Amino acid sequence: MKSFCFKLYKSDKNAKLHKQINFAGLIYNHCIALHKKYYKIFGKYLDKNFLQKHLVKLKKLKKFSYLKKIGSQAVQDITDRIDKAFQLFFRNVKRKIKCSPPNFKKIKNYKSFTLKQKAGWKLDEENFSLTINGQNYKYFQSRRISGKIKTVTIKRDNLGNFYVYFVTDAKDSEIVTRTGKSVGYDFGLKKFLTASDGKDIENPLFFAQNSAAIKKACKNLSRKKKGSNNRRKSKLNLARIYKKSADQRKDFHFKLARKICLEYEKICIEDLNLKAMQKIWGRKISDLGFGEFVEILKYQATKFGVEIIEVDRYFASSRICSICGGKNPGVKDLKIRDWICPKCGAKHDRDFNAAKNILKFGLGHQPAKENE
């Protein structure tokens, strides 16, 4: 599967898309309300097939005429999203993972709707246009769409811009010459990635770079009268700066993941407990975006045929000597950045030693080797 994302031209026609996404938000909240009632009465979540049949009946009522505005495919997709969210919630409850069930969303915060089959939309690649429910929209096309289109998603951001996402059945892979090298990476706060071969990646911290502009924009927003046009403009300006930070981070992640996958055949990383890290270091972890980077790295790995090996989060990579294998329990304190092994006397940098241990542990515990 391969995704293609294009930005729609700004136009007065886009007001219709705003309404359709708002209607999708109303349907979502209505479905959540039904789920909550059903769970309160019967103690289990609502079957999505029953819910879809119920929504079809509601279309006949004048009060729920908005169900016809976005098409049956989009309505089905909303019920699918909710069903997956509830399944995940109950799975986490069984595993005793603290989480919240799907809840109501503000209509203005609802972001997208999806059309699954070729119904309700028509694509004209030659003229870079997409017709949805009889309305034509132009988009910026940076590349050709390959493969058969499976779904079309219209998404809006906080700036009011619209993007169209095409998911196709095209294979996203490239043939590259391999070096056969392997690397272990330790995620850190001072350095983004500490590599076992010494090729460390420095920390970009895009949010911190734009913090002065964010602070100024927040101060400017707080001075504006609520409900005024100036406040709306200030809010958009703040959202624009946040989006700039997010775009910079995403661009950095994609370029770095591609570079790593082109250089190494096997990449060993640690399975991060991001929630625990956020409790300790807060905003800095969100700024680094470790979770997003790992997902992008896995995507690029499948594209280039690279193997990603995740080391268990409870593996004491920082406390084990990478030379003799001795464990030093005194290094548990994160403030200790350098230490000397009490067994062999080797001097270690905490992160570099962890990266080397992650590489050794990852390569030494592969299923293929265990079966030999």
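Residues numbered from 1 in each chain as written. Predicted model: local features only at pLDDT ≥ 70, side-chain atom pairs only at ≥ 80, totals over all residues. Heavy atoms only, no water.

Caption draft 1: Spotlight on the packing of aromatic side chains. All chains considered together, the criterion is met by 19 aromatic pairs. With a centroid separation of 5.5 Å and 45° between ring planes, the pair formed by tyrosine 28 and tyrosine 110 is classed as tilted. In this pair, tyrosine 28 sits in helix α1 (residues 14-42) while tyrosine 110 sits in the loop between α3 (72-94) and β2 (112-115), placing the two residues 82 residues apart along the sequence. Through pairs of rings, three or more aromatic residues link up here, namely Phe187, Phe192, Phe206, Phe252, Phe290 and Phe293. When the ring centre of tyrosine 28 is taken as reference, the NZ or CZ atom of lysine 105 above it lies at 4.9 Å. (Phe/Tyr/Trp six-rings, centres within 6.5 Å; stacked < 30°, edge-to-face > 60°. Helix = DSSP H or I, 4+ residues; strand = E, 2+ residues; numbered from the N terminus. Lys NZ or Arg CZ within 6 Å of the ring centre and 35° of its normal.)

Caption draft 2: Broad picture of the nonpolar core. Membership of the largest hydrophobic core comes to 39 residues, with the highest contact counts inside it found for Phe113, Leu130, Val164 and Phe166. Ranked by the residues each element gives to this core, the list is headed by α1, at seven residues. Not counting residues up to four positions away in its chain, the partners in contact with phenylalanine 113 are Leu17, Gln20, Ile21, Ala24, Ala74, Arg81, Ile132, Val152, Thr153 and Ile154. Core analysis: the next-biggest nonpolar cluster, separate from the first, contains 28 residues, Ile201, Leu256, Phe293 and Ile296 among them. (Core = buried A, V, L, I, M, F, W, Y, C linked by side-chain atoms within 4.5 Å. Buried < 20%, exposed > 50% of the residue type's maximum accessible area, 1.4 Å probe, protein only. Contact = heavy atoms within 4.5 Å.)

Caption draft 3: A look at the pattern of salt bridges. Here the structure, examined in full by the defined rule, presents 12 salt bridges. Close ionic contact of glutamate 310 with lysine 298 constitutes a salt bridge, the shortest N to O distance being 3.1 Å. Taken together, the residues span a long stretch of sequence, with glutamate 310 in strand β12 (residues 307-311) and lysine 298 in helix α9 (residues 290-304) at a distance of 12 residues. According to the relative accessible area criterion, lysine 298 is partly exposed, its value standing at 28%. (Salt bridge = Lys/Arg side-chain N within 4 Å of Asp/Glu carboxyl O.)

Caption draft 4: Focus on the environment of lysine 105. Relative to the assigned elements, lysine 105 resides in the loop between α3 and β2. When its relative accessible area of 41% is taken as the criterion, lysine 105 is described as partly exposed. Between the C-alpha atoms of lysine 105 and glycine 25, which are 80 residues apart in sequence, the distance is 7.3 Å. Setting aside residues up to four positions removed in sequence, lysine 105 forms contacts with Tyr28, Asn29 and Tyr110.

Caption draft 5: Region of interest: the sheet that holds strand β6 (residues 149-156). Taken in spatial order, the four strands make up an open sheet running β1-β7-β6-β2, and their pairing is antiparallel. Unpaired on one side and paired on the other, β1 (2-7) and β2 mark the two borders of the sheet. Across the sheet, the mean angle from the axis of one strand to that of its neighbour is 20°, orientation sign disregarded. Pairing of β1 with strand β7 (residues 162-168), which is carried by six bridges, proceeds in the antiparallel orientation. The partner of lysine 7 across the bridge, within β7, is tyrosine 163. Across the sheet, α1 is in contact with β2, β6 and β7; its angle to β2 comes to roughly 90°. (Pairing = 2+ DSSP bridges. Axes fitted to C-alpha atoms, helices over the stretch in contact; angles between N-to-C directions.)

Caption draft 6: Looking closely at the confidence of the model for the protein. The predicted model of the protein averages 86 in pLDDT, with 95% of residues at 70 or higher. For the stretch residues 366-372, pLDDT sits under 50, and the model shows five contacts to residues farther than four places along the chain or on other chains. (pLDDT = per-residue confidence, 0-100.)

Caption draft 7: Fine view of α9. Between its first and last C-alpha, α9 extends 21 Å over 15 residues, near the 21 Å set by a 1.5 Å rise per residue. Positioned one or two residues after α9, glycine 305 has a phi angle of 75°, which is positive. (Expected span 1.5 Å × (residues − 1).)

Caption draft 8: Region of interest: the sheet that holds β12. Taken in spatial order, the five strands make up an open sheet running β10-β9-β8-β11-β12, and their pairing is mixed. Edge positions in the sheet fall to β10 (201-202) and β12, since each has one partner strand and no second. Direction of pairing for strand β11 (residues 266-270) relative to β12: parallel, over a ladder of five bridges. In the sheet register, isoleucine 269 faces β12, and the bridge partner there is glutamate 310.

Caption draft 9: A look at the packing of helix α2 (residues 48-58) against α3. Put simply, α2 and α3 touch, their axes get as near as 10 Å, and they point 150° apart. Of the two possible hands of crossing, α2 and α3 adopt the one that is right-handed. Between α2, through Lys48, Leu51, Gln52 and Leu55, and α3, the contact on the second element is made entirely by Val75, Gln76, Thr79, Asp80 and Asp83. Of the residues that constitute the contact of α2 with α3, the class distribution is three nonpolar, three polar and three charged. (Left-handed = near helix turned anticlockwise from the far one by under 90°. Nonpolar A, V, L, I, M, F, W, Y, C, P; charged D, E, K, R; others polar.)

Caption draft 10: How the structure looks around the packing of α1 against α2. Relative to each other, α1 and α2 sit at 125°, their axes nearing to 12 Å. In this view, α1 runs oblique relative to α2, as classed from their interaxial angle. When you trace α1 past α2, the crossing you get is right-handed. Where α1 approaches α2, its residues His30, Cys31, Leu34 and His35 are matched on the opposing element by Leu51, His54, Leu55 and Leu58. (Parallel < 35°, antiparallel > 145°, perpendicular 65-115°, else oblique.)

Caption draft 11: Helix α10 (residues 350-364), seen in detail. Here α10 contains 15 residues, and its C-alpha end-to-end distance of 21 Å stays within 8% of the 21 Å for a straight helix at 1.5 Å per residue. Taken together, the buried positions of α10 are occupied by Arg350, Asp351, Asn353, Ala354, Ala355, Asn357, Ile358, Leu359 and Gly362. Looking at the packing, one finds that the buried side of α10 touches β8 (182-187), β9 (191-195), β11, β12, β13 (338-340) and β14 (347-349).

Caption draft 12: Inspection of the side chain of serine 129 at higher detail. Within the secondary structure, serine 129 is located in strand β4 (residues 129-132). Classification of serine 129 as buried rests on a relative accessible area of 5%. Sequence-distant contacts of serine 129, that is, excluding residues within four places in its chain, are made with Lys122, Leu123, Asp124, Asn136, Tyr137, Lys138 and Tyr139.

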